[in-house]
Amino acid sequence: MIVWMNGAFGSGKTTLVEELRSRWPEALVYDPELVGYVLREIVEVPTGDFQDLRLWRRQVADLAAGLVEEYGRPLLVPMTLIDPGYVGEIFGRLKDAGIEVQHFFLKVSRETLEARIDGRSFTPDDPEQDARVRRWCKDRIEPCLAAADRLPSETVFLDGELPSTRLADLVLARVGADGGR
């Protein structure tokens, strides 16, 4: 099983996955951004967003499927994924591989997202790069908020402004994991 945690930058995906991991130790954590970082070292990303690379989408799905098949453990995936075509492509490959995907989307207000993004340091040693990353994240707030209406019908929407402990309770109950309780 794959538990895909989706939402805008600053919605709390990584924080929630960390909470889930502490309570569901058999789960593996897989961050598809790492695949993007590797690809950026090898090929040009003309749009600046590695999700636009077909190879990224294929590799993300194939590696996720491989991890589940090879290790037989649930996979926690914190990744913003809002383009309906890309969602369909990745989730379709996983479905074709016989892997169940539980898809959650953290809904958070624009104001909270902006405050969380402003409160983070992405590249502390490079203030200019830090400002660029912060702006990039903020520029994607509106598309992320609008995407909620175009996500698969089985997507579970959660209030991302709840504490991560409460969100973890909801996710673990939904996926049938006891979380060590």
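Our structure is the block above this text.
Worth saying up front: this structure is predicted, and the values here are computed from it rather than measured.

(A) How the structure looks around the packing of aromatic side chains. One pass over the structure, following the stated rule, counts five aromatic pairs. Seen from their ring centres, Trp4 and Phe91 are 5.3 Å apart, and the 70° between their planes marks the pair as edge-to-face. Taken as a pair, Trp4 in strand E1 (residues 2-7) and Phe91 in helix H4 (residues 84-96) lie far apart in primary sequence, 87 residues in all. Per residue, the accessibility class of Trp4 equals that of Phe91, and both read buried. Ring pairs connect the aromatic residues Tyr37, Phe50 and Trp56, which therefore count as one cluster. Across from the ring centre of Phe157, 5.4 Å away, lies the NZ or CZ of Lys107, which sits over that ring.

(B) Local environment of the packing of helix H3 (residues 54-71) against H4. Contact pair H3 / H4: the axes reach a minimum separation of 9 Å and the direction vectors enclose 30°. Here H4 runs roughly parallel to H3, going by the angle between their axes. Considering the relative orientation of H3 and H4, their crossing is right-handed. Where H3 abuts H4, its residues Arg54, Trp56, Arg57, Arg58, Val60, Ala61, Asp62, Ala64 and Ala65 lie against Tyr86, Glu89, Ile90, Arg93 and Leu94. Looking at the contact of H3 with H4 residue by residue, the class counts come to eight nonpolar, no polar and six charged.

What counts, and where the lines are drawn
- Residue numbers here run from 1 along each chain, matching the order of that chain's written sequence.
- Since the coordinates come from a predicted model, pLDDT governs what is reported: local features require at least 70, and pairs of side-chain atoms require 80 or more to be given and counted, while whole-chain, interface and lining totals use all residues.
- Hydrogens are left out, water is left out, and the side-chain values use all remaining heavy atoms of the structure.
- Each Phe, Tyr or Trp ring, with Trp reduced to its six-membered ring, pairs with another whose centre is within 6.5 Å; inter-plane angles below 30 degrees give stacked pairs, above 60 give edge-to-face pairs, and intermediate values give tilted ones.
- Think of it this way: any DSSP run of H or I at least four residues long counts as a helix, any run of E at least two long counts as a strand, and we number them from the N terminus.
- Per-residue accessibility, obtained with a 1.4 Å probe over protein chains only, is compared with the maximum for each type, and a residue is labelled buried under 20%, exposed over 50%, and partly exposed between these values.
- Two conditions define a charge located above a ring, namely a distance within 6 Å from the ring centre to NZ of Lys or CZ of Arg, and an angle within 35 degrees of the ring normal.
- Lines fitted to C-alpha atoms define the axes, with helix axes restricted to the stretch in contact, and inter-axis angles between N-to-C directions lie between 0 and 180 degrees.
- Geometric relationships in this document are graded by angle, where less than 35 degrees denotes roughly parallel, more than 145 denotes roughly antiparallel, 65 to 115 denotes roughly perpendicular, and other angles denote oblique.
- Less than a right angle of anticlockwise turn of the near helix away from the far helix marks a crossing as left-handed, whereas a clockwise turn marks it as right-handed.
- We call two residues contacting when some pair of their heavy atoms lies within 4.5 Å.
- Asp, Glu, Lys and Arg are counted as charged, while Ala, Val, Leu, Ile, Met, Phe, Trp, Tyr, Cys and Pro are counted as nonpolar; the rest, among them Gly, fall into the polar class.

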